[in-house]
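Breakdown of the fold
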Amino acid sequence: MGGMNHLDALKEFLSIPSVSAQPEHAADVSRCADYLVQKLREMKFDAQKINTEIHPVVVAKSPTVAGKPTVLIYGHYDVMPIDPIEEWESAPFEPSVRNGRIYARGASDDKGEIMAHLLGVRELLAEDGELPLNVIFLLEGEEERGSTSLHNLLQQPEMVKQLGCDIIVVSDTGMAAPDVPSFSYGLKGLCCFELEVRGPAMDLHSGIFGGAVANPITTLCEMLATTHDENGRITVEGFYDGVSEIADWEKESWKRVPGMSDAELADLTGVPALRTEEGYTGAECVYARPTFEPNGIVGGYMGEGSKTVIPTHAIAKISCRLVPGQDPVDIMRKVEAHFRKVCPPSVRMKFTMQHAGDAYMSDPHSPFGKAAQQALEETFGNPPVLVREGGSIPIVAELSGKLGKDALFLGLDLPDARIHSPNENMRLEIFEKGISMVKNLLRLMSRVPV
Ligand SMILES: [Zn+2]
């Protein structure tokens, strides 16, 4: 990156196909970690590649500046698979610049954001000769497949000690509009599970046995229908225990998030009308209310023509997005208890817990939070909207818990960045502003007393 311009550096980084989910790319993921280590060492960071059972984690520390805060910048250098390849207008790992954007897998999520941080730090170094504070980069290669290795590393007290910091900064989230910076201070938690309803031992003739035996598809649907009341509230007993009300300043702030009014949300999603929990706007539900969503349902015959059977079973895959105050495992137990209660004696049910992650919230008005807000305003010319994420980054919640420090989310992914989709891109203007934002952020954070 020595004398390289910003765009060339980004292109180089994006051309490494670091797809973490596919074993055939394991060597590329490893090479991507090497690339980062090399770039960080050029900036005088003490950088190491920590090999794990899956993909490496990169940890890099700047030369110590005594008496100044330490900022830990978390990001992930792995990317999602590229399918469906035929929908890409240019090759996903041959970065292409058109209409003021760079197109490549990872352009926004999360390589573009990582590179903005690296270049911001490099420019500060070039301008001032040294950094105004301490910086630790923590860059993992498994975020898109569940962060297993970083989770394992965080179980080692030695590693937690090495990552000791005053504040965690993450750029892996969205931005409302090109001139409206976004500052998120919350993440939803998540739990995923399956509900299976089993009826007859074999598919039955619907004439010979119909009417005498419960149909598992009907029963599954009836059971799912008991999970919400007519006001859109979840009826699972104890589901909302520990959930706090949304603060007034949050409600006010969310009214001015571009694209998040009820009318805009309906338009964006293509539904004829929103259907929110009563008493809450769409934005409030997305950011701060827990949800219960069947994600898929299967059962019976779906081939050509008709086949008149009572199927043996039906299955629903379900997930809940959770908010601070809810424990994901506790929620799954409560949901299971609910289904046991409503399951009729005519079928058997099986409930399988899958994965779970905690919700997270930090204080956007802390001294570091205020520095972040100011950096965004100085860079983009407008104050940031303060939002919570509807999505989940469980590893960040864990990292913040282990280090005992807040995490602040300064996202640069625009709604049209197509992250995880074909033609992922980043606006070059946003990339450049991202670099300036990082410089402003680190300068402002260096003034926070620690
Ligand atoms: Zn990401």
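1. A closer look at the overall build of the protein
- Regarding its fold elements, the protein presents 13 helices and 19 strands.
- Whereas a compact globule of 450 residues would reach a radius of gyration of roughly 22 Å, the protein reaches 24 Å, a difference of no more than 12%.
- Seen along its three principal axes, the alpha-carbon backbone of the protein occupies a region of about 85 × 50 × 45 Å.
- When burial is assessed residue by residue, the protein has 53% of its 450 residues classed as buried.
- Only carbon and sulfur atoms are counted for the fraction: they give 51% of the accessible area of the protein, which is about 19,400 Å².
- For the protein, the distance from the average site of its 42 positive side-chain charges to the average site of its 64 negative ones is 3 Å.

2. Regarding the coordination of the zinc ion
- Within the protein, the zinc ion binds to H76 (NE2), D109 (OD), D172 (OD) and D172 (OD); these donor distances fall in the range 1.9 to 2.8 Å.
- Its 4 donor atoms give the zinc ion angles of 51 to 142 degrees at the centre, a pattern that matches the irregular case.
- The sequence pattern formed by the donor residues of the zinc ion is H-x32-D-x62-D. Linking D109 in the loop between β5 (101–103) and α3 (111–128) with D172 in the loop between β7 (167–170) and β8 (182–184), this pair joins segments that are 63 residues apart in sequence.
- The buried category is assigned to D109, whose relative accessible area is 5%.

3. Here's the deal with unusual backbone geometry
- The linkage connecting D83 with the following residue, P84, adopts the cis geometry, with an omega of -5 degrees.
- With respect to the secondary-structure elements, P84 resides in the loop between β3 (70–76) and β4 (96–98).
- With a phi angle near 70 degrees, H420 is a residue other than glycine that sits in the positive phi range.
- Take H420: it is sitting in the loop between β18 (407–411) and β19 (425–427).

4. Examining the domain arrangement of the protein
- When the domains of the protein are assigned, the result is domain 1 (6–187 + 359–445) and domain 2 (189–243 + 290–356).
- Between the C-alpha centres of domain 1 and domain 2 there is a distance of 38 Å.
- If you look at the interface, domain 1 gives 8 residues, while domain 2 gives 6 residues.
- Here domain 1 packs against domain 2, burying approximately 490 Å² in sum over the two surfaces, 58% of which is carbon and sulfur.

5. Here's the deal with the sheet that holds strand β17 (residues 385–387)
- A sheet is described by the order of its strands in space; here 8 strands give the open sequence β1-β2-β6-β3-β7-β18-β8-β17, paired in mixed fashion. In this open sheet, the two strands that pair with only one neighbour each are β1 (46–50) and β17. Pairs of neighbouring strands in the sheet enclose a mean axial angle of 20 degrees, with direction left out of account.
- Pairing between strand β2 (residues 57–61) and strand β6 (residues 134–140): 5 bridges, direction antiparallel. Paired with A60 across the bridge in β6 is F137.

6. Observations concerning the packing of helix α1 (residues 6–14) against α3
- Across the interface, α1 lies against α3 with an axial gap of 10 Å and an inter-helix angle of 140 degrees. Overall, the two elements α1 and α3 adopt an arrangement that is oblique. Handedness of the α1/α3 crossing: right-handed. Each of H6, A9, L10, F13 and L14 in α1 lies in contact with α3, whose residues at this interface are K111, G112, I114, M115, L119, R122 and E123.
- Split into classes, the residues belonging to the contact of α1 with α3 amount to 7 nonpolar, 2 polar and 3 charged.

7. Looking at the sheet that holds strand β10 (residues 189–198)
- Ordered in space as β12-β14-β10-β15, the 4 strands form an open sheet in which the pairing is antiparallel. A strand with exactly one partner marks an edge of an open sheet, and here the two such strands are β12 (291–299) and β15 (348–357). The average undirected angle you get between the axes of adjacent strands in this sheet is 15 degrees.
- Relative to strand β14 (residues 313–322), β10 runs antiparallel, the two being bridged by 10 bridges. When the bridges of β14 are listed, G189 appears paired with L322.
- Its contacts with the sheet put helix α6 (residues 216–225) on β10, β12, β14 and β15, and the angle it makes with β14 is roughly 20 degrees.

8. A closer look at the side chain of S184
- Within the secondary structure layout, S184 lies in strand β8.
- Among all residues touching S184, those that are not within four sequence positions of it are T173, V387, E389, L408 and F409.

9. Notes on a nonpolar patch on the surface
- Taken together, the side chains of I208, F209 and V213 make up a nonpolar region of the molecular surface, amounting to roughly 260 Å² of accessible area.
- Examined against the element boundaries, I208 turns out to sit in the loop between β11 (204–205) and α6.
- Take I208: its relative accessible area is 62%, and that puts it in the exposed class.

10. Details of the pattern of salt bridges
- Using the criterion set out here, one finds 23 salt bridges in the structure.
- In this structure, K334 engages D330 in a salt bridge whose closest nitrogen and oxygen atoms are separated by 2.9 Å. Of the two residues, K334 and D330 are both situated in helix α10 (residues 328–342); the distance of 4 residues between them amounts to about one turn of the helix.
- Salt-bridge contacts for K433 lead to E429; the nearest nitrogen and oxygen are separated by 3.4 Å. Of this pair, K433 and E429 both sit in helix α13 (residues 428–445), 4 residues apart, roughly one helical turn.
- Taking the relative accessible area as the measure of exposure, K433 reaches 24% and is therefore partly exposed.
- Residue classification places E429 among the partly exposed positions, given a relative accessible area of 42%.

11. Examining the packing of aromatic side chains
- Considering all chains together, one arrives at 9 aromatic pairs under this definition.
- Taken together, a centroid distance of 5.0 Å and an interplanar angle of 65 degrees make the contact between W254 and Y287 edge-to-face. On the criterion of sequence distance, the pair formed by W254 in helix α7 (residues 248–255) and Y287 in helix α9 (residues 282–288) is long-range, its members being 33 residues apart.
- The exposure class assigned to W254 is buried, which follows from its relative accessible area of 3%.
- Members of the aromatic cluster, each reached through a chain of ring pairs, are F193, F292, F339 and F351.
- Just above the ring of Y103 sits the side chain of R98; from NZ or CZ to the centre is 4.0 Å.
- The ring of Y240 carries R233 above its face, with NZ or CZ at 4.1 Å from the centroid.

Thresholds applied
Residues numbered from 1 in each chain as written. Predicted model: local features only at pLDDT ≥ 70, side-chain atom pairs only at ≥ 80, totals over all residues. Heavy atoms only, no water. Helix = DSSP H or I, 4+ residues; strand = E, 2+ residues; numbered from the N terminus. Rg over C-alpha atoms; globule rule 2.2 N^0.38 Å. Buried < 20%, exposed > 50% of the residue type's maximum accessible area, 1.4 Å probe, protein only. Areas by Shrake-Rupley, 256 points an atom, 1.4 Å probe, with all protein chains shown as cover. Lys, Arg positive; Asp, Glu negative; His and termini not counted. Charge placed at Lys NZ, Arg CZ, Asp CG, Glu CD. Donors = N, O, S within 2.8 Å, 3.2 Å for Na, K, Ca; no water. Tetrahedral: all angles 85-135°; square planar, octahedral: opposite > 155°, others 65-115°. Domains from an automatic or database assignment. Contact = heavy atoms within 4.5 Å. Buried area = accessible area lost by both parts, 1.4 Å probe. Pairing = 2+ DSSP bridges. Axes fitted to C-alpha atoms, helices over the stretch in contact; angles between N-to-C directions. Parallel < 35°, antiparallel > 145°, perpendicular 65-115°, else oblique. Left-handed = near helix turned anticlockwise from the far one by under 90°. Nonpolar A, V, L, I, M, F, W, Y, C, P; charged D, E, K, R; others polar. Patch = residues over 30% accessible without salt bridge, like charges linked within 9 Å, V, L, I, M, F, W, Y side chains within 5 Å. Salt bridge = Lys/Arg side-chain N within 4 Å of Asp/Glu carboxyl O. Phe/Tyr/Trp six-rings, centres within 6.5 Å; stacked < 30°, edge-to-face > 60°. Lys NZ or Arg CZ within 6 Å of the ring centre and 35° of its normal.

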